[in-house]
Amino acid sequence: MRVSHSIPADFDDPNLVSAAGLVPVLALAEKAGLYGLVDEHVTVSGDAGANAVHKVPALIAGMVAGVKSIDGMKLLRHGGMGKIFTGLRAPSTLGTHLRAYTFGHVRQLDAVASRLLIALAQLVPGLLAGGDEVAYLDIDDTMRQTHGYHKQGVAYGYNRVKGLNAQLATVSTPTAVPVITATRLRRGNVTSSHGAAKLIAEAITTARRAGVTGRITVRADSAYYNHDTIAAAQKAGARFSVTARLDKAVTAAISRISEDAWTAIKYPNAIFDEDEQRWVSDAEVAEIGYTAFTSRKKAEHVTARLIVRRVKRLGAKSVPAGQDELFAAYRYHAVFTDTPLATLEAEASHRDHAIVEQVIADLKDGALAHLPSGVFTANAAWTVLAAMAFNLTRAAGALASTRHARARTGTIRTELINIAARIATRARRPRLHLPDCWPWQDAFTALHHTVFPARATSPPPAAAA
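Just so you know, these numbers come straight off a predicted model, no measurement behind them.

Trainee: Tell me what's going on with the nonpolar core, and back it up with residues and numbers.
Mentor: Counting 136 residues, the largest nonpolar core has L22, L306, F336, W382 and M388 as its most contacted members. Beyond its immediate stretch of four places on either side in the chain, M388 contacts L34, I60, L109, V112, A113 and L116. Residues Y267, V285, V311 and A346 belong to the second largest nonpolar core, which totals seven residues.

Below, the structure is given as C-alpha coordinates:
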(Lines give C-alpha, C1' and ligand atoms only; values in the text may rest on other atoms or scores of the structure.)
Protein backbone atom coordinates (compact mmCIF):
# COMPACT_ATOMS: atom_id res chain seq x y z
CA MET A 1 0.00 0.00 0.00
CA ARG A 2 1.45 3.37 -1.07
CA VAL A 3 0.36 6.99 -1.22
CA SER A 4 -0.89 7.58 -4.76
CA HIS A 5 0.02 11.28 -5.04
CA SER A 6 1.68 14.12 -3.25
CA ILE A 7 -1.40 15.25 -1.33
CA PRO A 8 -1.65 18.58 0.54
CA ALA A 9 -3.63 18.71 3.79
CA ASP A 10 -5.85 21.55 5.02
CA PHE A 11 -7.73 21.72 8.32
CA ASP A 12 -10.59 23.85 7.00
CA ASP A 13 -13.83 21.82 6.94
CA PRO A 14 -16.32 22.79 9.66
CA ASN A 15 -18.65 19.92 8.75
CA LEU A 16 -16.39 16.95 9.57
CA VAL A 17 -16.25 14.94 12.79
CA SER A 18 -13.90 12.12 13.70
CA ALA A 19 -16.09 10.29 16.22
CA ALA A 20 -19.50 9.91 14.61
CA GLY A 21 -20.17 6.82 16.72
CA LEU A 22 -20.70 9.07 19.72
CA VAL A 23 -24.10 10.00 18.26
CA PRO A 24 -25.83 6.65 18.89
CA VAL A 25 -23.79 6.00 22.04
CA LEU A 26 -24.80 9.25 23.73
CA ALA A 27 -28.37 8.75 22.54
CA LEU A 28 -28.24 5.35 24.28
CA ALA A 29 -26.94 7.09 27.42
CA GLU A 30 -29.84 9.52 27.24
CA LYS A 31 -32.32 6.65 26.88
CA ALA A 32 -30.75 5.07 29.97
CA GLY A 33 -31.40 8.30 31.87
CA LEU A 34 -27.81 9.48 32.32
CA TYR A 35 -28.66 13.20 32.15
CA GLY A 36 -31.51 12.90 34.63
CA LEU A 37 -29.38 10.81 36.99
CA VAL A 38 -26.58 13.38 36.99
CA ASP A 39 -29.05 16.21 37.54
CA GLU A 40 -30.65 14.32 40.44
CA HIS A 41 -27.58 12.99 42.25
CA VAL A 42 -24.54 15.18 41.51
CA THR A 43 -24.60 18.36 43.58
CA VAL A 44 -21.14 19.91 43.27
CA SER A 45 -21.38 23.46 44.60
CA GLY A 46 -19.99 26.71 43.24
CA ASP A 47 -19.29 27.82 39.70
CA ALA A 48 -17.11 24.74 39.10
CA GLY A 49 -20.04 22.47 39.89
CA ALA A 50 -22.57 24.29 37.71
CA ASN A 51 -23.99 22.44 34.72
CA ALA A 52 -22.82 19.01 35.85
CA VAL A 53 -25.57 17.63 33.62
CA HIS A 54 -23.44 18.72 30.65
CA LYS A 55 -19.94 18.24 32.08
CA VAL A 56 -20.27 14.68 33.35
CA PRO A 57 -21.67 13.28 30.06
CA ALA A 58 -18.98 15.22 28.17
CA LEU A 59 -16.25 13.54 30.20
CA ILE A 60 -17.85 10.14 29.62
CA ALA A 61 -18.18 10.85 25.89
CA GLY A 62 -14.49 11.71 25.64
CA MET A 63 -13.58 8.48 27.43
CA VAL A 64 -15.81 6.43 25.12
CA ALA A 65 -13.89 7.95 22.21
CA GLY A 66 -10.58 6.99 23.81
CA VAL A 67 -9.48 10.22 25.50
CA LYS A 68 -6.89 9.51 28.21
CA SER A 69 -6.40 12.92 29.80
CA ILE A 70 -8.30 16.08 30.65
CA ASP A 71 -6.45 18.02 27.96
CA GLY A 72 -7.46 15.32 25.46
CA MET A 73 -11.10 16.36 25.88
CA LYS A 74 -10.31 18.86 23.08
CA LEU A 75 -11.46 16.01 20.86
CA LEU A 76 -15.05 17.00 21.62
CA ARG A 77 -14.64 20.51 20.18
CA HIS A 78 -13.44 19.97 16.62
CA GLY A 79 -15.11 20.35 13.23
CA GLY A 80 -18.86 19.93 13.29
CA MET A 81 -19.21 18.53 16.82
CA GLY A 82 -21.13 21.64 17.84
CA LYS A 83 -23.70 20.90 15.12
CA ILE A 84 -24.63 17.45 16.46
CA PHE A 85 -24.05 17.96 20.19
CA THR A 86 -24.98 20.71 22.62
CA GLY A 87 -23.43 21.51 25.98
CA LEU A 88 -19.82 21.16 24.83
CA ARG A 89 -17.25 22.37 27.36
CA ALA A 90 -13.56 23.27 27.18
CA PRO A 91 -11.05 20.86 28.77
CA SER A 92 -10.08 23.49 31.33
CA THR A 93 -13.73 23.74 32.41
CA LEU A 94 -14.02 19.97 32.73
CA GLY A 95 -10.80 19.81 34.75
CA THR A 96 -11.99 22.54 37.11
CA HIS A 97 -15.23 20.62 37.57
CA LEU A 98 -13.40 17.42 38.53
CA ARG A 99 -11.14 19.21 40.99
CA ALA A 100 -14.19 20.55 42.81
CA TYR A 101 -15.27 17.03 43.82
CA THR A 102 -15.12 15.89 47.43
CA PHE A 103 -15.37 12.27 48.58
CA GLY A 104 -19.12 12.76 48.96
CA HIS A 105 -19.43 13.91 45.35
CA VAL A 106 -17.48 10.84 44.19
CA ARG A 107 -20.03 8.71 46.03
CA GLN A 108 -22.76 10.61 44.20
CA LEU A 109 -21.09 9.57 40.95
CA ASP A 110 -21.07 5.98 42.25
CA ALA A 111 -24.84 6.24 42.64
CA VAL A 112 -25.14 7.48 39.05
CA ALA A 113 -22.88 4.67 37.79
CA SER A 114 -24.87 1.90 39.46
CA ARG A 115 -28.20 3.27 38.25
CA LEU A 116 -26.86 3.76 34.74
CA LEU A 117 -25.76 0.12 34.59
CA ILE A 118 -29.16 -1.02 35.84
CA ALA A 119 -30.90 1.03 33.12
CA LEU A 120 -28.51 -0.21 30.41
CA ALA A 121 -29.18 -3.82 31.43
CA GLN A 122 -32.90 -3.19 30.98
CA LEU A 123 -32.42 -1.54 27.58
CA VAL A 124 -29.86 -4.08 26.33
CA PRO A 125 -30.96 -7.59 27.39
CA GLY A 126 -27.77 -9.15 26.00
CA LEU A 127 -25.61 -7.10 28.35
CA LEU A 128 -26.13 -9.59 31.21
CA ALA A 129 -27.62 -12.52 29.28
CA GLY A 130 -27.77 -15.66 31.40
CA GLY A 131 -27.82 -13.76 34.66
CA ASP A 132 -31.09 -15.44 35.57
CA GLU A 133 -29.14 -18.67 36.06
CA VAL A 134 -25.48 -18.06 36.94
CA ALA A 135 -23.28 -15.00 37.34
CA TYR A 136 -19.76 -14.35 38.58
CA LEU A 137 -18.65 -11.32 40.52
CA ASP A 138 -14.89 -10.88 40.25
CA ILE A 139 -13.00 -8.44 42.44
CA ASP A 140 -9.42 -7.30 41.91
CA ASP A 141 -7.23 -4.22 42.09
CA THR A 142 -4.43 -2.66 40.10
CA MET A 143 -1.71 -0.10 40.69
CA ARG A 144 -1.71 2.92 38.40
CA GLN A 145 1.87 4.10 38.28
CA THR A 146 2.63 7.78 38.75
CA HIS A 147 5.83 9.80 38.64
CA GLY A 148 6.75 12.47 41.14
CA TYR A 149 4.97 13.25 44.41
CA HIS A 150 2.54 15.93 43.29
CA LYS A 151 -0.49 13.63 43.16
CA GLN A 152 -2.33 13.23 46.45
CA GLY A 153 -2.35 9.71 47.87
CA VAL A 154 0.65 8.45 45.93
CA ALA A 155 2.68 5.73 47.67
CA TYR A 156 4.52 2.50 46.96
CA GLY A 157 2.11 -0.41 46.71
CA TYR A 158 2.28 -4.17 47.18
CA ASN A 159 4.14 -4.63 43.88
CA ARG A 160 6.69 -1.90 44.67
CA VAL A 161 5.14 0.42 42.11
CA LYS A 162 4.58 4.02 43.16
CA GLY A 163 1.10 5.26 42.38
CA LEU A 164 -2.56 4.95 43.28
CA ASN A 165 -4.59 1.78 43.71
CA ALA A 166 -7.82 1.20 41.79
CA GLN A 167 -10.15 -1.55 43.01
CA LEU A 168 -13.05 -2.80 40.93
CA ALA A 169 -15.76 -5.44 40.88
CA THR A 170 -17.15 -6.87 37.65
CA VAL A 171 -20.10 -9.12 36.92
CA SER A 172 -20.24 -11.57 34.02
CA THR A 173 -22.11 -14.71 32.99
CA PRO A 174 -21.12 -17.76 30.94
CA THR A 175 -22.62 -16.01 27.89
CA ALA A 176 -21.94 -12.32 28.63
CA VAL A 177 -18.62 -10.53 29.06
CA PRO A 178 -17.98 -8.46 32.21
CA VAL A 179 -19.37 -5.06 33.05
CA ILE A 180 -18.16 -2.99 35.98
CA THR A 181 -20.50 -2.93 38.97
CA ALA A 182 -18.40 -0.95 41.47
CA THR A 183 -15.07 0.90 41.67
CA ARG A 184 -12.88 2.56 44.29
CA LEU A 185 -9.68 4.56 44.01
CA ARG A 186 -7.45 4.11 47.05
CA ARG A 187 -4.08 5.34 48.24
CA GLY A 188 -1.14 3.51 46.79
CA ASN A 189 -0.06 1.75 49.97
CA VAL A 190 -3.36 0.11 50.97
CA THR A 191 -3.73 -3.65 51.07
CA SER A 192 -5.59 -5.19 48.16
CA SER A 193 -8.52 -6.32 50.30
CA HIS A 194 -9.01 -2.98 52.07
CA GLY A 195 -12.69 -2.03 51.72
CA ALA A 196 -13.47 -5.18 49.72
CA ALA A 197 -16.39 -6.22 51.93
CA LYS A 198 -18.27 -2.98 51.30
CA LEU A 199 -17.45 -3.04 47.60
CA ILE A 200 -18.76 -6.61 47.28
CA ALA A 201 -22.01 -5.70 49.05
CA GLU A 202 -22.58 -2.72 46.74
CA ALA A 203 -21.63 -4.69 43.62
CA ILE A 204 -24.01 -7.56 44.42
CA THR A 205 -26.84 -5.12 45.14
CA THR A 206 -26.27 -3.43 41.78
CA ALA A 207 -26.08 -6.78 39.97
CA ARG A 208 -29.35 -7.93 41.52
CA ARG A 209 -31.11 -4.69 40.56
CA ALA A 210 -29.70 -5.06 37.04
CA GLY A 211 -31.55 -8.33 36.63
CA VAL A 212 -29.06 -10.94 37.84
CA THR A 213 -31.45 -13.24 39.66
CA GLY A 214 -29.42 -16.45 39.44
CA ARG A 215 -26.65 -17.76 41.65
CA ILE A 216 -23.78 -15.30 42.10
CA THR A 217 -20.29 -16.54 42.93
CA VAL A 218 -17.74 -14.05 44.23
CA ARG A 219 -14.27 -14.90 42.89
CA ALA A 220 -10.98 -13.40 44.06
CA ASP A 221 -7.28 -14.18 44.35
CA SER A 222 -5.33 -14.89 47.53
CA ALA A 223 -5.02 -11.20 48.43
CA TYR A 224 -8.72 -11.35 49.34
CA TYR A 225 -8.50 -14.55 51.38
CA ASN A 226 -9.83 -13.25 54.69
CA HIS A 227 -12.92 -13.52 56.82
CA ASP A 228 -14.39 -10.13 55.94
CA THR A 229 -14.39 -10.80 52.19
CA ILE A 230 -16.03 -14.21 52.48
CA ALA A 231 -18.49 -13.03 55.13
CA ALA A 232 -19.57 -10.17 52.84
CA ALA A 233 -20.32 -12.63 50.03
CA GLN A 234 -22.30 -14.90 52.36
CA LYS A 235 -24.24 -12.02 53.89
CA ALA A 236 -25.28 -10.88 50.41
CA GLY A 237 -26.53 -14.39 49.57
CA ALA A 238 -23.69 -15.21 47.19
CA ARG A 239 -21.29 -18.13 46.94
CA PHE A 240 -17.53 -17.62 47.14
CA SER A 241 -14.44 -18.97 45.40
CA VAL A 242 -11.22 -17.49 46.74
CA THR A 243 -7.63 -18.58 46.29
CA ALA A 244 -6.34 -19.77 49.68
CA ARG A 245 -2.90 -18.79 50.88
CA LEU A 246 -0.72 -21.78 51.71
CA ASP A 247 -0.46 -21.09 55.43
CA LYS A 248 0.18 -23.83 58.00
CA ALA A 249 -3.48 -24.81 58.31
CA VAL A 250 -4.03 -25.08 54.55
CA THR A 251 -0.75 -26.96 54.12
CA ALA A 252 -1.79 -29.43 56.82
CA ALA A 253 -5.15 -29.98 55.12
CA ILE A 254 -3.45 -30.66 51.79
CA SER A 255 -1.15 -33.17 53.47
CA ARG A 256 -4.21 -35.14 54.59
CA ILE A 257 -5.40 -35.74 51.01
CA SER A 258 -4.79 -39.40 50.10
CA GLU A 259 -2.91 -40.25 46.92
CA ASP A 260 -5.87 -42.06 45.40
CA ALA A 261 -8.04 -38.94 45.71
CA TRP A 262 -6.20 -37.06 42.96
CA THR A 263 -7.79 -36.85 39.50
CA ALA A 264 -5.55 -36.19 36.51
CA ILE A 265 -6.70 -33.45 34.13
CA LYS A 266 -5.29 -32.12 30.89
CA TYR A 267 -6.00 -28.53 29.90
CA PRO A 268 -7.18 -28.03 26.30
CA ASN A 269 -5.15 -24.79 26.35
CA ALA A 270 -1.98 -24.58 28.41
CA ILE A 271 -2.02 -22.11 31.31
CA PHE A 272 0.97 -20.10 32.47
CA ASP A 273 2.30 -20.90 35.94
CA GLU A 274 3.63 -17.66 37.43
CA ASP A 275 5.58 -19.36 40.23
CA GLU A 276 7.31 -21.84 37.94
CA GLN A 277 7.47 -19.39 35.01
CA ARG A 278 6.37 -22.06 32.55
CA TRP A 279 3.33 -23.27 30.65
CA VAL A 280 1.35 -26.09 32.26
CA SER A 281 -0.87 -28.39 30.22
CA ASP A 282 -1.67 -31.09 32.78
CA ALA A 283 -2.21 -31.32 36.53
CA GLU A 284 -4.06 -33.24 39.23
CA VAL A 285 -7.02 -32.03 41.27
CA ALA A 286 -8.53 -33.18 44.57
CA GLU A 287 -10.68 -31.72 47.32
CA ILE A 288 -11.05 -31.94 51.07
CA GLY A 289 -13.35 -30.37 53.63
CA TYR A 290 -11.81 -27.43 55.45
CA THR A 291 -12.70 -24.95 58.19
CA ALA A 292 -11.06 -21.56 57.78
CA PHE A 293 -10.38 -18.67 60.16
CA THR A 294 -10.30 -20.87 63.28
CA SER A 295 -8.31 -18.20 65.14
CA ARG A 296 -11.48 -16.11 65.27
CA LYS A 297 -14.45 -16.77 67.53
CA LYS A 298 -16.39 -19.92 66.68
CA ALA A 299 -19.34 -18.09 65.12
CA GLU A 300 -16.97 -16.68 62.49
CA HIS A 301 -15.45 -20.00 61.43
CA VAL A 302 -16.26 -20.85 57.81
CA THR A 303 -16.51 -24.49 56.72
CA ALA A 304 -16.46 -25.26 53.01
CA ARG A 305 -14.39 -27.14 50.42
CA LEU A 306 -10.70 -26.82 49.71
CA ILE A 307 -10.12 -27.65 46.06
CA VAL A 308 -6.46 -28.24 45.34
CA ARG A 309 -4.58 -28.38 42.05
CA ARG A 310 -1.05 -29.71 41.96
CA VAL A 311 1.59 -29.74 39.24
CA LYS A 312 4.99 -31.39 39.29
CA ARG A 313 7.94 -29.22 40.12
CA LEU A 314 10.71 -29.09 37.55
CA GLY A 315 14.44 -28.92 38.26
CA ALA A 316 15.89 -28.10 41.65
CA LYS A 317 13.35 -25.49 42.70
CA SER A 318 13.55 -24.60 46.37
CA VAL A 319 10.71 -25.71 48.57
CA PRO A 320 8.98 -23.06 50.73
CA ALA A 321 10.19 -23.07 54.34
CA GLY A 322 8.38 -25.47 56.64
CA GLN A 323 6.98 -27.67 53.87
CA ASP A 324 7.85 -31.38 53.82
CA GLU A 325 8.86 -33.71 51.01
CA LEU A 326 5.28 -33.83 49.74
CA PHE A 327 5.76 -30.24 48.59
CA ALA A 328 9.17 -30.94 47.12
CA ALA A 329 7.62 -33.04 44.35
CA TYR A 330 4.58 -30.88 43.63
CA ARG A 331 3.50 -27.28 43.73
CA TYR A 332 -0.01 -26.73 45.09
CA HIS A 333 -2.71 -24.18 44.37
CA ALA A 334 -5.72 -24.20 46.71
CA VAL A 335 -9.17 -22.66 46.30
CA PHE A 336 -11.55 -22.21 49.22
CA THR A 337 -15.12 -22.38 47.93
CA ASP A 338 -18.70 -23.25 48.78
CA THR A 339 -19.94 -23.58 45.19
CA PRO A 340 -22.15 -26.61 44.41
CA LEU A 341 -20.12 -27.45 41.30
CA ALA A 342 -18.28 -30.74 40.97
CA THR A 343 -14.58 -30.66 41.83
CA LEU A 344 -13.22 -30.27 38.30
CA GLU A 345 -15.91 -27.78 37.32
CA ALA A 346 -15.30 -25.68 40.43
CA GLU A 347 -11.54 -25.63 39.75
CA ALA A 348 -12.07 -24.60 36.12
CA SER A 349 -14.64 -21.98 37.12
CA HIS A 350 -12.23 -20.39 39.57
CA ARG A 351 -9.50 -20.11 36.93
CA ASP A 352 -11.92 -18.00 34.88
CA HIS A 353 -11.49 -15.30 37.54
CA ALA A 354 -8.68 -14.09 35.26
CA ILE A 355 -11.36 -12.48 33.09
CA VAL A 356 -11.22 -9.45 35.38
CA GLU A 357 -7.66 -8.87 34.18
CA GLN A 358 -9.03 -8.22 30.70
CA VAL A 359 -11.29 -5.49 32.09
CA ILE A 360 -8.31 -3.90 33.83
CA ALA A 361 -6.31 -4.10 30.58
CA ASP A 362 -9.17 -2.44 28.68
CA LEU A 363 -9.33 0.39 31.22
CA LYS A 364 -5.58 0.90 31.01
CA ASP A 365 -5.91 1.03 27.24
CA GLY A 366 -8.39 3.85 27.67
CA ALA A 367 -9.28 6.36 30.36
CA LEU A 368 -7.13 4.73 33.06
CA ALA A 369 -3.97 4.93 30.99
CA HIS A 370 -3.07 7.35 33.76
CA LEU A 371 -4.78 9.41 36.45
CA PRO A 372 -4.72 12.98 35.15
CA SER A 373 -5.06 15.22 38.19
CA GLY A 374 -2.97 16.06 41.24
CA VAL A 375 -6.15 16.08 43.34
CA PHE A 376 -7.07 12.65 44.74
CA THR A 377 -10.85 13.14 44.61
CA ALA A 378 -10.63 14.33 40.99
CA ASN A 379 -8.82 11.10 40.12
CA ALA A 380 -11.39 9.12 42.09
CA ALA A 381 -14.18 10.76 40.07
CA TRP A 382 -12.24 10.09 36.87
CA THR A 383 -12.12 6.38 37.81
CA VAL A 384 -15.89 6.20 38.28
CA LEU A 385 -16.46 8.01 34.97
CA ALA A 386 -14.11 5.53 33.28
CA ALA A 387 -16.28 2.68 34.58
CA MET A 388 -19.42 4.33 33.20
CA ALA A 389 -17.74 4.83 29.82
CA PHE A 390 -16.67 1.17 29.83
CA ASN A 391 -20.22 -0.05 30.54
CA LEU A 392 -21.71 2.29 27.96
CA THR A 393 -19.25 1.03 25.34
CA ARG A 394 -20.08 -2.55 26.27
CA ALA A 395 -23.81 -1.87 25.87
CA ALA A 396 -23.24 -0.27 22.45
CA GLY A 397 -21.22 -3.29 21.36
CA ALA A 398 -23.97 -5.65 22.49
CA LEU A 399 -26.51 -3.75 20.38
CA ALA A 400 -24.23 -3.67 17.33
CA SER A 401 -23.42 -7.34 16.73
CA THR A 402 -22.64 -10.65 18.37
CA ARG A 403 -18.96 -10.11 17.62
CA HIS A 404 -18.85 -6.63 19.12
CA ALA A 405 -20.73 -7.86 22.19
CA ARG A 406 -17.56 -9.78 23.11
CA ALA A 407 -14.94 -7.53 21.54
CA ARG A 408 -12.45 -5.47 23.50
CA THR A 409 -13.49 -1.87 24.09
CA GLY A 410 -10.53 -0.72 21.98
CA THR A 411 -11.94 -2.69 19.06
CA ILE A 412 -15.37 -1.14 19.55
CA ARG A 413 -13.82 2.33 19.57
CA THR A 414 -11.93 1.68 16.35
CA GLU A 415 -14.81 0.11 14.45
CA LEU A 416 -17.95 1.79 15.82
CA ILE A 417 -17.02 5.02 17.64
CA ASN A 418 -14.10 6.75 15.93
CA ILE A 419 -15.62 6.91 12.45
CA ALA A 420 -15.07 10.02 10.35
CA ALA A 421 -18.27 11.60 9.04
CA ARG A 422 -19.40 14.67 7.13
CA ILE A 423 -22.40 16.60 8.39
CA ALA A 424 -24.96 17.75 5.85
CA THR A 425 -28.27 19.46 6.51
CA ARG A 426 -31.59 18.48 4.96
CA ALA A 427 -34.83 20.17 5.96
CA ARG A 428 -32.89 21.86 8.74
CA ARG A 429 -31.88 18.49 10.20
CA PRO A 430 -28.25 17.36 10.35
CA ARG A 431 -27.39 14.12 8.63
CA LEU A 432 -24.18 12.08 8.94
CA HIS A 433 -22.47 10.88 5.79
CA LEU A 434 -20.14 8.04 6.72
CA PRO A 435 -17.38 6.37 4.68
CA ASP A 436 -18.50 4.20 1.79
CA CYS A 437 -17.70 0.49 2.18
CA TRP A 438 -16.98 0.85 5.90
CA PRO A 439 -16.17 -2.77 6.93
CA TRP A 440 -18.37 -2.61 10.02
CA GLN A 441 -21.27 -0.74 8.43
CA ASP A 442 -23.85 -3.40 9.35
CA ALA A 443 -22.87 -3.33 13.01
CA PHE A 444 -23.00 0.47 13.16
CA THR A 445 -26.35 0.46 11.37
CA ALA A 446 -27.76 -2.08 13.85
CA LEU A 447 -26.67 0.12 16.76
CA HIS A 448 -28.00 3.29 15.13
CA HIS A 449 -31.34 1.74 14.17
CA THR A 450 -31.86 0.36 17.66
CA VAL A 451 -31.26 3.73 19.30
CA PHE A 452 -33.27 5.69 16.70
CA PRO A 453 -36.01 3.24 15.61
CA ALA A 454 -38.54 5.93 14.67
CA ARG A 455 -36.40 7.33 11.86
CA ALA A 456 -33.75 4.70 11.29
CA THR A 457 -32.38 6.37 8.17
CA SER A 458 -32.29 9.89 9.60
CA PRO A 459 -29.92 11.47 12.10
CA PRO A 460 -31.03 12.37 15.62
CA PRO A 461 -31.73 15.86 16.80
CA ALA A 462 -28.89 17.56 18.65
CA ALA A 463 -28.29 15.90 22.03
CA ALA A 464 -26.41 17.07 25.08
CA ALA A 465 -22.79 15.97 25.28
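Trainee: Mind laying out empty space enclosed by the protein, listing which residues take part and the relevant values?
Mentor: Per the counting criterion, the structure on display carries four cavities of 30 Å³ or more. Here the largest cavity is characterised by a volume of approximately 90 Å³. Lining the largest cavity are M63, V64, D362, L363, G366, A367, A386, A389, F390, T393, T409 and R413. Among the secondary structure elements, those contributing two or more residues to the lining of the largest cavity are α4 (52–64), α13 (355–364), α14 (376–400) and α16 (409–417).

Trainee: Tell me what's going on with unusual backbone geometry, and back it up with residues and numbers.
Mentor: Here A427, not a glycine, exhibits a phi torsion of approximately 50°, which is positive. Mapping A427 onto the fold places it in the loop between β13 (421–426) and β14 (429–433). Positive phi values are uncommon outside glycine, yet C437 reaches one of about 60°. In this fold, C437 is placed in the loop between β14 and α17 (441–451).

Trainee: Explain the sheet that holds β13 to me, using residue names and the numbers behind them.
Mentor: Sheet architecture is open: three strands sit in the order β1-β13-β14, paired in antiparallel fashion. Where the open sheet ends on each side, the last strands, each with one partner, are β1 (16–17) and β14. In terms of strand pairing, β1 meets β13 through two bridges, oriented antiparallel. Paired with V17 across the strands is A421, a residue of β13.

Trainee: I'd like a description of the pairing of strand β7 (residues 215–220), backed by residues and values.
Mentor: Burial analysis of β7 places five of its six residues in the buried class, which makes it a mostly covered element. Direction of pairing for β7 relative to strand β8 (residues 239–244): parallel, over a ladder of four bridges. Residue pairing in the sheet places R219 in a bridge with S241 of β8. Assessed by its sense of winding, the connection that carries the chain from β7 through helix α9 (residues 227–235) to β8 is right-handed.

Trainee: Report on the packing of aromatic side chains, specifying residues and quantitative values.
Mentor: Each aromatic ring pair is specified by the distance between its two centres and by the angle formed by the two planes. Evaluated as defined, the whole model comprises eight aromatic pairs. A connected cluster of aromatic rings, assembled from ring pairs, spans Y225, F240, Y290, F293 and F336. Looking at R310, its charged tip hangs above the ring of W262, at a distance of 4.2 Å from the centre. Above the ring of Y330, the side-chain terminus of R310 is found at 3.9 Å from the ring centroid.

Trainee: Describe in detail the pattern of salt bridges, supporting the description with residues and values.
Mentor: In this structure the tally under the stated criterion is 17 salt bridges. R107 is paired through a salt bridge with D110; the nearest N and O atoms lie 2.7 Å apart. With R107 and D110 both in helix α7 (residues 103–123) and three residues apart, this pair spans about one turn of that helix. Look at R107 and you get partly exposed, because its relative accessible area is 24%. Looking at D110, the relative accessible area reads 13%, which means it is buried. Salt-bridge contacts for E202 lead to R184; the nearest nitrogen and oxygen are separated by 2.7 Å. With E202 in helix α8 (residues 196–209) and R184 in strand β6 (residues 176–186), the pair connects residues that are 18 residues apart, well separated along the chain. Members of the salt-bridge network, linked through shared partners, are R107, D110, R184 and E202.

Trainee: I'd like a rundown of the environment of S401, residues and numbers included.
Mentor: Along the chain, the position of S401 falls in the loop between α14 and α15 (402–406). What makes S401 partly exposed here is its relative accessible area of 22%. In this structure the C-alpha to C-alpha distance between S401 and A446, which are 45 residues apart in sequence, comes to 7.4 Å.

Trainee: I'd like a rundown of α13, residues and numbers included.
Mentor: Every buried residue of α13 is accounted for by V356, V359, I360, D362 and L363. Around the axis of α13, the buried residues are gathered within 160° of arc, so they sit on the same side. Looking at the buried positions of α13, the neighbouring elements they touch are β3 (134–145), β5 (162–173), β6, α14 and α16.

Trainee: Now, about the confidence of the model for the protein: what can you tell me, with residues and values included?
Mentor: For the protein, mean pLDDT is 91; residues scoring 70 or higher make up 91% of the total. This stretch, residues 456–465, has a pLDDT under 50; its non-local contacts, to residues over four places away or in other chains, come to 35 contacts.

Trainee: Describe the packing of α4 against helix α6 (residues 91–99), naming the residues involved and giving the relevant values.
Mentor: Packed helices, taken two at a time, are described by the angle between their axes plus the distance between the axes. At a closest axis distance of 10 Å, the pairing of α4 and α6 adopts a crossing angle of 105°. As judged from the angle between their axes, α4 and α6 are roughly perpendicular. In contact with A52, K55, V56, A58 and L59 of α4, α6 contributes T93, L94, H97 and L98. Per-class residue counts for the contact of α4 with α6 are six nonpolar, two polar and one charged.

Trainee: Explain the environment of N189 residue by residue, including any values.
Mentor: Structurally, the position occupied by N189 is in the loop between β6 and α8. A relative accessible area of 51% places N189 in the exposed class. In sequence terms N189 and A398 are 209 residues apart; their C-alpha atoms lie 37 Å from each other. Once residues within four sequence positions are removed from consideration, N189 is found in contact with A155, Y156 and G157.

Trainee: With reference to specific residues and values, describe the pairing of β13.
Mentor: When β13 meets β14, the two strands line up antiparallel, connected through five bridges. The partner of R426 across the bridge, within β14, is R429. Counting the residues between successive antiparallel strands, the hairpin from β13 to β14 contains two residues, one of them, A427, with a positive phi of roughly 50°.

About the criteria used
- Residues numbered from 1 in each chain as written.
- Predicted model: local features only at pLDDT ≥ 70, side-chain atom pairs only at ≥ 80, totals over all residues.
- Heavy atoms only, no water.
- Core = buried A, V, L, I, M, F, W, Y, C linked by side-chain atoms within 4.5 Å.
- Buried < 20%, exposed > 50% of the residue type's maximum accessible area, 1.4 Å probe, protein only.
- Contact = heavy atoms within 4.5 Å.
- 1 Å grid on protein atoms, 1.4 Å probe; cavity = no way out; pocket = protein on both sides within 12 Å on 5 of 7 lines; lining within 4 Å.
- Points joined across faces, edges and corners; volume = space filled by probe spheres on them.
- Helix = DSSP H or I, 4+ residues; strand = E, 2+ residues; numbered from the N terminus.
- Pairing = 2+ DSSP bridges.
- Right-handed = clockwise from strand over helix to strand, strands pointing away.
- Phe/Tyr/Trp six-rings, centres within 6.5 Å; stacked < 30°, edge-to-face > 60°.
- Lys NZ or Arg CZ within 6 Å of the ring centre and 35° of its normal.
- Salt bridge = Lys/Arg side-chain N within 4 Å of Asp/Glu carboxyl O.
- Arc of directions from axis to C-beta.
- pLDDT = per-residue confidence, 0-100.
- Axes fitted to C-alpha atoms, helices over the stretch in contact; angles between N-to-C directions.
- Parallel < 35°, antiparallel > 145°, perpendicular 65-115°, else oblique.
- Nonpolar A, V, L, I, M, F, W, Y, C, P; charged D, E, K, R; others polar.

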